[in-house]
Structures are given as structure tokens and as C-alpha cells.
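Structural overview
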Amino acid sequence: MADLQRVICPSSVPDKFADPIVSHNCLPQTDVAEALPVLSTTFDVLSRYAGEYHCKQNRLSSPRMSVISAEGLVQLNTDLTKLPNKEFKTVWRHVLFLILHVGKAHFNIASYDASGKELGPGSAPHHVSELESLQPYFSGTCRLRHFFNWLVWFCATIFGVLIALSLFIGLVLLLRWIRTKRLQAAEKHSARIRDLVASVVHMLQQQLRENESNSEQPPYIPVYVLRERLRQQHTDAAQLWPDVVRYVYDVETCIGVQEWRGIGETWQWQGGTGWQGSGGIRSLETLGRKHTETDFGSWRSGIVRQLMSLVCIVIFILVPLWYSCPPPVLTISIRVRA
């Protein structure tokens, strides 16, 4: 009411026949009282027009209505018998004056000039070219249609999220299956290495027993002899021989390694003396369990890292998608308040 009171001319304005809008930028109280009902009708007309635009009815290109069209529609919907003292054009000019000063704040009506620039209280009524209601009126049919569109959008979003989650879970299961296969392959490879080492241990123990029964037999066996014997007994010995050597160097503490001139490197069974190696693993089974636990720990940490990465990827994909496709009702409210 304070804003409306400011546009009412004070009693000190002397000439009642002069144009108070031009001379004092105000309106007499009687003119304001006559313009307010017409302004209310203008609000209804513009609200319905903006509602038809946002509801995509009649293929309107803009929520703004030209001031000439608005004047004609308001005149058709106004009871002219209540305006006995003035012509409608004069009252309409007063309505535009009120819209410029209090229309946006109290009636949610914005005014624009011919270039599309929004006008304010400092503009004259004849500068107004278009009017727009910032509070559209939505009919029941429009609300139902938008609710249906929002429901379809919501179901599509839920369906998309379910598909994304299904793909995510499927990818996790696939990665787990791949990890399991790799773990099984690694365990199978380790078991095969342990079998070959067991064959080497058996040959070294047999050589040690022959040395005990016949001192002319050396207690050791050259490495190249062991390699050839394994190649004759096992078809994959040549391919796995580097792993067997690494196993003997790093793990097996009961096999002694020596260098003999003219013979080269030899291996000899030490009978558990702890000659070299890690010293903490006393059997092939213990080593296998340790390798399995290590592989399982690395597999578990790898799965956790991949899960976190996939969760971050899904979040970065779905969150922008959610905000880039708001429901129709929210879209309308945003446009109205813009």
C-alpha cells in the first residue's frame, strides 16, 4: 500500500485539469480508484495468456502480449458502465502508469518497450509496447498434462537409474569374475611351480641318499642336469624353469646353492639346515597359503578401488543428467520467476 500511496497526487496539486502524470508523475485518488478494477482485469487476461504459452496451447511464440491486444481484451472484459466519467483509453493510460510503478511488485506484471527492454517507474505510459504476467494461470487440463509429463519423466529417470545400477552391478560382477579367474590362474601357476620344486627336491634327496650309500657319488646335482631331467619328465618345465629357479633362491631354505669350477652352479639338499632363503617358510604348503592370502588381499584392495572409481563415475554422470532434465512443472516455475 505504501507504493500505491506514492503514486497518488497530494492535495497540493493545484490544477485538476492538467495532466498530473506529465506534470507531477502521479494520479489523483479518484483516477487510481477507477484504474484498479481495470488493472485487476488486466492481471487476469495476462495471466491466462501466459498460462496458455507455458502450457503450449495455441502455439504462442511468447508469453508477452502487445499493449494494443491487451487493451482490446481488457476492454471486452471490463464493465464500462462503471467508468462513466472517462473514456476507456484514458483509464487504460492510467492502468499503464500503475503497472510501471507498482505492477511488478504487487501484480507480477512486467512492461517492455519496443526493443524488449523492461521498463520501470521512470518511463512514460506511451513507451509501453508489451506486457507480461509473471504469475501464469494454469487450467486444470494443463496441470493434469504437466503432472502426466512429470510422471513420465520421473518413471524414465527411475528406469534410467535402475539401468545404470544394473550395468554397474553387472560390471562389478564381471570384474569380480575376472579377478577370480586371475586368482585361480595364479594359484594354479603357483601350484604347478610347487610341483616342479617338489620334483627337484625329490631328485636332490635321491642324490643325497646315493651319496650316503656310495661316497663316490657327489651329494649335489648340477643345475643344467636338473633342468634336463625336468624337461624330460614335464612338458612345461622349460617355460616354468625361471620361476622354479626364483622359487629356490627366494623361498626354499633346504636347498643349498654352490658354484663349482668346471661344473657350474649346483643344488644340494641341506636337510632343513636353513642354509639360505627366507627362513620363515618351512614347507611348500605354508608358502602356498601365504601366496594365496597375499593374492586375495591385493584382489580385495583392487576391487575396493575399482568400486570407488565406478561410484564416482556414476555420480558424475547421473547428477548432471538429473539437473539438466528437470520435470516440466519445475521448468515452468523457473521460467515464470526469471
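None of these values were measured; they are calculated from a predicted model. (Residues numbered from 1 in each chain as written. Predicted model: local features only at pLDDT ≥ 70, side-chain atom pairs only at ≥ 80, totals over all residues. Heavy atoms only, no water.)

**Notes on the overall build of the protein chain**
Across its full length, the protein chain holds 10 helices and six strands. The buried share among the 338 residues of the protein chain stands at 34%. By sequence separation, contacts in the protein chain at least 24 residues apart represent 63% of the contacts at least 6 residues apart. Entry remark: accessible area of the protein chain is about 21000 Å², with carbon and sulfur atoms responsible for 59%. (Helix = DSSP H or I, 4+ residues; strand = E, 2+ residues; numbered from the N terminus. Buried < 20%, exposed > 50% of the residue type's maximum accessible area, 1.4 Å probe, protein only. Contact = heavy atoms within 4.5 Å. Areas by Shrake-Rupley, 256 points an atom, 1.4 Å probe, with all protein chains shown as cover.)

**Considerations on the nonpolar core**
In terms of nonpolar packing, the biggest core is built from 29 residues, with W92, V95, L96, L98, I99, V128 and L131 touching the most fellow members. Within the residue set of this core, elements represented by two or more residues are α3 (29-54), α4 (67-76) and α5 (88-106). Examining the composition of this core, we find that 10 residues originate from one element, α5, more than from any other. Residues in contact with L131, not counting those within four places in the same chain, are L46, P63, R64, M65, A70, W92, L96, I99, A110 and S111. Judged by nonpolar contacts, the second largest core, of 25 residues, contains M203, L204, L240 and W241. (Core = buried A, V, L, I, M, F, W, Y, C linked by side-chain atoms within 4.5 Å.)

**A closer look at the packing of α4 against α5**
One can describe the packing of α4 onto α5 by two numbers: an axis separation of 11 Å at closest approach and a directional angle of 120°. The orientation of α4 relative to α5 falls into the category oblique. Along this stretch, α4 crosses α5, giving a crossing that reads as right-handed. On α5, the residues touching V67, A70, E71, V74 and Q75 of α4 are F88, K89, W92 and L96. For the contact of α4 with α5, the residue count by class is six nonpolar, one polar and two charged. (Axes fitted to C-alpha atoms, helices over the stretch in contact; angles between N-to-C directions. Parallel < 35°, antiparallel > 145°, perpendicular 65-115°, else oblique. Left-handed = near helix turned anticlockwise from the far one by under 90°. Nonpolar A, V, L, I, M, F, W, Y, C, P; charged D, E, K, R; others polar.)

**Overview of the sheet that holds strand β1 (residues 65-66)**
The strand order β1-β3-β2 describes an open sheet built from three strands, whose pairing is antiparallel. Two strands bound the open sheet, and with one partner strand each, they are β1 and β2 (109-112). Together, β2 and β3 (130-133) form the strand contacts of α5, whose direction differs from that of β2 by roughly 110°. (Pairing = 2+ DSSP bridges.)

**Some points on the sheet that holds strand β5 (residues 255-260)**
With antiparallel pairing, the three strands of this open sheet are ordered in space as β4-β6-β5. Each edge of the sheet is formed by a strand with only one pairing partner; in this case those strands are β4 (220-222) and β5. Across this sheet, the average inter-strand angle for adjacent strands is 30°, counted without regard to direction. Relative to strand β6 (residues 264-269), β5 runs antiparallel, the two being bridged by six bridges. Bridging from a neighbouring strand, G256 pairs with Q268 of β6. Here helix α7 (residues 223-233) sits on the sheet in contact with β4 and β6, set at roughly 75° to β4. Set on the sheet, helix α8 (residues 237-250) makes contact with β5 and β6; between it and β6 the angle comes to about 60°.

**Some points on the confidence of the model for the protein chain**
Confidence along the protein chain averages 79 in pLDDT terms, with 75% of residues attaining 70 or more. Scored below 50 in pLDDT, residues 273-293 shows 38 contacts in the model against residues more than four places distant or in partner chains. Counted against residues more than four places away or in other chains, residues 324-338, with its pLDDT under 50, gives 18 contacts. (pLDDT = per-residue confidence, 0-100.)

**Thoughts on the environment of I263**
For I263, the position within the fold is in the loop between β5 and β6. Among all residues touching I263, those that are not within four sequence positions of it are Y220, P222 and Y224.

**Focus on the environment of D113**
Positionally, D113 belongs in the loop between β2 and β3. As for D113 and S123, which are separated by 10 residues in sequence, their C-alpha atoms are 9.5 Å apart. Beyond its immediate sequence surroundings of up to four residues, D113 is in contact with L119, H127 and S129. Here S115 takes part through its side chain, which lies 2.9 Å from a polar atom of the side chain of D113. (Polar contact = N/O pair within 3.5 Å; in protein donor to acceptor, adjacent residues only side chain to side chain.)

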